[in-house]
Amino acid sequence: MGRAFVAGLAVLAALTGCTVQTPDGEGKHRSPVHIELPSETPAPDRTPAGGGDTPSATPAPDDDKPAAPAPPRVLWSRGDTGRDVRELQARLRQVAWLFEGPTGTYGEQTERAVSGFQGKRGLPRTGKTDAVTWQRLVRMTREPGRWDLYLMGGQQADPPDARCRTGRVLCIDKTSRTLRWMIDGRTVSTMAVRFGSQGTPTREGVFSVYWKSRDHVSTLYDSPMPYAMFFSGGQAVHFSADFAARGYAGGSHGCVNVRDEPAIAELYAQVRNGDRVVVSW
């Protein structure tokens, strides 16, 4: 029976992780059962059956992709007006992309000119003047002067000469290149004018209209002078087709040229012989 009991304990020990202790060398008996507790140190990782390193977790996809560059800032586009638009137009004229104005208004012709300039230089053809387009244009052109900006007129008149403040007066200012039609100190209309060149300057002083000729033709230069209002010898205020076409790029032979035909037609109808003409700087 003793042997059977010991055999049973051995089976139990095998099933529970125990070992059966035999007598020691001195013949002393110890506890017949010794229980081996699991070690607190974790077992080392096992190599996967397929070999190689243990696969790590799949990294999350990188969502931090570089953002697309922002389009350049638009400075001016169709419908804008002002001095800056005049400068844009003056510079476009220098590189032969615009042939009208400057008008100071960003219209269809300006939009078309900007689009052509952009396409020629590999820029997006938007027709809008953005910062990149403007910088490229500035590098290719010079700073426009005052009469580049107002090549075809549109400038403001300076304050009238004191001699223009009474009566009916054609008040002509060489500094601002303008003509005011004034009655008793009130400005009725204002228009851009052009003067004689250095060799044939427009005379300055106080004069009177002494002759009007609606369809006049110069006998000296064989050129049309419609709506002519003579005030000093052969010098007159009249419409000039050349001024209308070329602006201040040209000059007269001493006459006061007007480029706005409807405006001078209306002025011609109002001015009478004997009305004063004041030409000053």
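Residues numbered from 1 in each chain as written. Predicted model: local features only at pLDDT ≥ 70, side-chain atom pairs only at ≥ 80, totals over all residues. Heavy atoms only, no water.

Visitor: Tell me about the overall build of the protein chain, residues and numbers included.
Guide: Along the backbone of the protein chain there are seven helices and 13 strands. In the protein chain, which comprises 281 residues, the share counted as buried stands at 36%. Long-range pairs, those at least 24 residues apart, make up 51% of the contacts in the protein chain between residues at least 6 apart in sequence. Summed over its atoms, the accessible surface of the protein chain is roughly 17200 Å², and 53% of this surface lies on carbon and sulfur atoms. (Helix = DSSP H or I, 4+ residues; strand = E, 2+ residues; numbered from the N terminus. Buried < 20%, exposed > 50% of the residue type's maximum accessible area, 1.4 Å probe, protein only. Contact = heavy atoms within 4.5 Å. Areas by Shrake-Rupley, 256 points an atom, 1.4 Å probe, with all protein chains shown as cover.)

Visitor: Describe the sheet that holds strand 10 (residues 224–232), naming the residues involved and giving the relevant values.
Guide: Pairing between sheet strands relies on hydrogen bonds along the backbone, with the strands arranged either parallel or antiparallel. Strand order in the open sheet formed by nine strands is 8-13-5-6-7-12-11-10-9, with mixed pairing between adjacent strands. The sheet terminates laterally at strand 8 (205–208) and strand 9 (211–217), the two strands that pair on one side only. Between one strand axis and the next, the sheet turns by 30° as a mean value, whatever way the strands run. Bridge count for strand 6 (residues 178–183) against strand 7 (residues 186–194) is six bridges, and the pairing is antiparallel. Bridged to I183 within strand 7 is R186. In this fold helix 7 (residues 261–270) packs onto strand 5 (168–173), strand 6, strand 7, strand 9, strand 10, strand 11 (235–239) and strand 12 (256–258), with an angle of close to 45° to the strand it touches most, strand 10. (Pairing = 2+ DSSP bridges. Axes fitted to C-alpha atoms, helices over the stretch in contact; angles between N-to-C directions.)

Visitor: Could you give me a rundown of helix 7, with the residues and numbers involved?
Guide: Burial in helix 7 covers these residues: A263, I264, L267 and Y268. Mapping the buried residues of helix 7 onto a view down its axis gives an arc of 135°, with all of them on the same face. Turned more than 90 degrees away from the buried face of helix 7, the exposed residues are P262, E266 and A269. Near the N-terminus of helix 7, the side chain that reaches the backbone nitrogen of A263, with its oxygen 3.2 Å away, is that of D260. (Arc of directions from axis to C-beta. Polar contact = N/O pair within 3.5 Å; in protein donor to acceptor, adjacent residues only side chain to side chain.)

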